[in-house]
Amino acid sequence: MAWYLAVKEILRNRGRFLLFSLVIALITVLVLFIAALAQGLAEANKEYLEKLDAELIVFQKNVDLSTAASRIPRDKFNDIRRIEGVAEIGPLGFATATIVLDDKTPLLDVSLIGVEPGKPGMPPALEGTGLRSPRGYQTMIDGNVAKRTGIKVGDRIKIKTIVGSDEKFHTLEVVGITDGRQFFYAPSIFVPFNTWDSIKPQPNLNGQPTAVIANVVAVRIEPSVSPEIVAARIESRVSNVEVVDRKTAYEASPGYQAQQGTLNTQRGFTLLIGILVIGGFFQIQTLQKVPQIGVLKAIGTSNHSIAVAVVLQIVLVTILGVAIGSMLTFLLTLFLPAGIPILLSGTTALIAISTLLLIGPIGGMVSVRLALKVEPLAALGM
Amino acid sequence: MNTILETNSVYKIYQSGNLSVTAVENASITLRKGEFVAMVGPSGSGKTTLLALIAGLLRPTKGEIIIDGKDIVKMSDVERTRFRREKVGFTFQANNLVPFLTALENVELMLRMNKRYNRQTADLAKRLLIRLGLEDRLNNLPSQLSGGQQQRVAIARALVHDPAIVLADEPTAALDSERAFQVVQILAELIHEEERAAIMVTHDLRMVQFADRVIQMLDGKVARVIEARSEIEALAAIGQQQSPVQPQPHPKPKETSVPHLQPLPFPLPAFQPVGD
Ligand SMILES: Nc1ncnc2c1ncn2[C@@H]1O[C@H](COP(=O)(O)OP(=O)(O)OP(=O)(O)O)[C@@H](O)[C@H]1O
Ligand SMILES: [Mg+2]
């Protein structure tokens, strides 16, 4: 009965219900887009650290866990490696560079990351061999770089770094492509740590060689020990370091929390607006339907059927709206330029869509209550 | 003998603050199978209230309402809703029909609600509508029907599920006189043919000519039940005289607290045959 009434009413008022589905579709686009942006930005920021094959990251002490500010000199590498429970370490160096064309026109800004071949921090090669020689002018590129530039394994690429006020150009051979490994809002290219040390941008030091310094050190621990204990050991035995897990590390990166907080607030408000819009629409509609509901009740329609019909309509209209909105969002992502950091994983999309499907019934509560309160006497004009 | 409805000393007292309005007072009426009864009375005399009580839409303050052998006063809300669905046929003054269902669907709705929708009953619904002159309006929405057509659809809906009792609240209020006569005549015919029972509330005294009995309400009480054919005809004649002319002030308002707003001759001048 409820199905019959709900569906007939929708079919006979197609225009009105479709219009409303479109409103829900737009809300869906907004929510999914914000969710995708939040995830995309988060990913662009943390992807490399999140996927790092190490449990712990050693920072310089008192630098607010900033990868840019942290300095770990080479003499500490061995101190860290020797600590009980540490399986393997890899020094990591972070810098920025630009991939340029042969005529030196910029192609893509990248994070230039120095890793020790075969040590923690070196990403796996999905294509090609990966880095092998500790000093070669070879590079592994982030899958995003490959996607956005078309660079392939075996290609030679030219990168530009800034030393002092001079532009320096280096040619690197692409030996491998890894999956997405963005760092600090840019896709990454990986070079052997020693190569990184010699080509990294730096203030002009008049050619004087400096001591080898990493930004941070990735630490892989023995399987049987707890990361907290190893972290505490490192901090107590190596001077001037702070040891954290990956999550703490990327959450501490500048602006990360604020940005995610802002986007999540926006998403929350959009959902709230959705609830209010749906609630308002169905409330007004129910108020307009009081005489009709009165007649239905007077001729013996149960309160149960009336309530179920109202909920069904809300659910159907919401499902249609969310479906249209999801499709629109999908189409939109196809036509967006590659540089826009939007990313929607299955889980995030699923969470967003189920929340959106929930806002219908939540918003519709009031109208169900209103419908239940209609007296069948209304049919008699009393 | 074949009593379908019996109300025993029914009261409905509305309490608002320390003010109480007795809308229905000590009403005892009966309705037999095959009977078409008209309920008349001035505005505020309790007609709609009594109808709502019989339909189980209102609970009486006191009294019994026995329909088809069951006291509906003692039923729970859910039971009374079910009772209305199964045993009552309804037509209302206005907004009778479900706006998003066609004429035929509105009639079929009663069958669907009672889980009695099948090929035979659907055919019955269609035949009823055809009988009511709506064969080319079956698939029209209420908004595409005239007031009289809507009333006729409502009559079909009130009959299709084989109810124990049909309740019609001012079915002619929205119609011009010609349509009004048509509609009431068909309603009376259908009630008589199928041995059903109906109460029709009306303001229009002319309509009582189709009734087997007339219940006259006054100040919430059943003032009189008119059964004699001659008296019913006389009442209809008064309506006939009254209807084309403008409302006239009542000659001698009795000691009723409710002002008479309607152009009806209440209390009737002793129910003497008027005119010829
Ligand atoms: N909800 C209510 N609260 C208080 N008093 C009410 C309520 N409903 C009806 N009444 C009163 O009960 C009395 C009977 O009303 P009712 O509607 O039954 O009259 P009626 O005979 O149908 O009148 P009309 O011909 O105008 O439709 C009136 O005095 C009315 O004011
Ligand atoms: Mg009334």
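As the structure is a computational prediction, the values presented were derived from the model and not from experiment.

Draft legend 1. The arrangement of the site of ligand 1 in detail. Near ligand 1, the surroundings consist of 14 residues, among which B:Ser43, B:Gly44, B:Lys47, B:Thr48 and B:Thr49 are the closest. Mapping the residues adjacent to ligand 1 onto the chains of the assembly identifies chains A and B. B:Ser43 is positioned such that a nitrogen or oxygen atom in its side chain is 2.5 Å from an oxygen atom of ligand 1. For ligand 1, whose unbound accessible area comes to 640 Å², protein coverage reaches 65%. For the shell around ligand 1, the secondary structure elements donating two or more residues are strand 2 (19-27) and helix 1 (47-54) of chain B. A per-element tally of the shell around ligand 1 places helix 1 of chain B first, with 3 residues. Of the residues contributing to the shell around ligand 1, the split by class is 5 nonpolar, 7 polar and 2 charged.

Draft legend 2. Geometry of the packing of helix 3 (residues 103-113) of chain B against helix 5 (residues 147-159) of chain B. All names here are of chain B. Running from N to C, helix 3 and helix 5 point in directions that differ by 25°, and their axes come no closer than 8 Å. Between helix 3 and helix 5, the interaxial angle falls into the category roughly parallel. Here the hand of the crossing between helix 3 and helix 5 comes out right-handed. Where helix 3 approaches helix 5, its residues Ala 103, Asn 106, Val 107 and Met 110 are matched on the opposing element by Val 153, Ala 156 and Arg 157. Partitioned by chemical class, the residues of the contact of helix 3 with helix 5 number 5 nonpolar, 1 polar and 1 charged.

Draft legend 3. Representation of the layout of surface pockets. Residues and elements named next belong to chain A. Of the pockets and cavities examined, the largest pocket occupies roughly 700 Å³. Residue lining of the largest pocket: 30 residues in total, with Ala 338, Ile 340, Pro 341, Ile 342 and Leu 343 positioned closest to the centre. Ranked by the residues each element gives to the lining of the largest pocket, the list is headed by helix 2 (residues 14-51), at 6 residues. A class-by-class count of the residues in the lining of the largest pocket yields 18 nonpolar, 7 polar and 5 charged. A domain split of the lining of the largest pocket shows at least three residues from each of domain 1 (2-46 + 257-379) and domain 2 (62-239). By volume, the second largest pocket is sized at about 540 Å³.

Draft legend 4. Here's a closer look at the nonpolar core. Grouped together as the largest cluster of nonpolar side chains are 123 residues, with contacts concentrated most on B:Leu5, B:Phe36 and B:Phe90. B:Leu5 has contacts with B:Ile29, B:Thr30, B:Leu31, B:Ile54, B:Ile65, B:Ile66, B:Ile67, B:Ile165 and B:Ile199, leaving out every residue within four places of it along the chain. Counting residues in each nonpolar core, the second largest holds 39 residues, with A:Ala95, A:Leu172, A:Val174 and A:Ile221 among its members.

Draft legend 5. Seen up close, the packing of aromatic side chains. In this structure the tally under the stated criterion is 13 aromatic pairs over all chains. Three or more aromatic residues joined by ring pairs form one cluster here, namely A:Tyr48, A:Phe94, A:Phe183 and A:Phe190.

How each quantity is defined
Residues numbered from 1 in each chain as written. Chains lettered and ligands numbered in written order. Predicted model: local features only at pLDDT ≥ 70, side-chain atom pairs only at ≥ 80, totals over all residues. Heavy atoms only, no water. Near = heavy atom within 4 Å. Polar contact = N/O pair within 3.5 Å; in protein donor to acceptor, adjacent residues only side chain to side chain. Areas by Shrake-Rupley, 256 points an atom, 1.4 Å probe, with all protein chains shown as cover. Helix = DSSP H or I, 4+ residues; strand = E, 2+ residues; numbered from the N terminus. Nonpolar A, V, L, I, M, F, W, Y, C, P; charged D, E, K, R; others polar. Axes fitted to C-alpha atoms, helices over the stretch in contact; angles between N-to-C directions. Parallel < 35°, antiparallel > 145°, perpendicular 65-115°, else oblique. Left-handed = near helix turned anticlockwise from the far one by under 90°. Contact = heavy atoms within 4.5 Å. 1 Å grid on protein atoms, 1.4 Å probe; cavity = no way out; pocket = protein on both sides within 12 Å on 5 of 7 lines; lining within 4 Å. Points joined across faces, edges and corners; volume = space filled by probe spheres on them. Domains from an automatic or database assignment. Core = buried A, V, L, I, M, F, W, Y, C linked by side-chain atoms within 4.5 Å. Buried < 20%, exposed > 50% of the residue type's maximum accessible area, 1.4 Å probe, protein only. Phe/Tyr/Trp six-rings, centres within 6.5 Å; stacked < 30°, edge-to-face > 60°.

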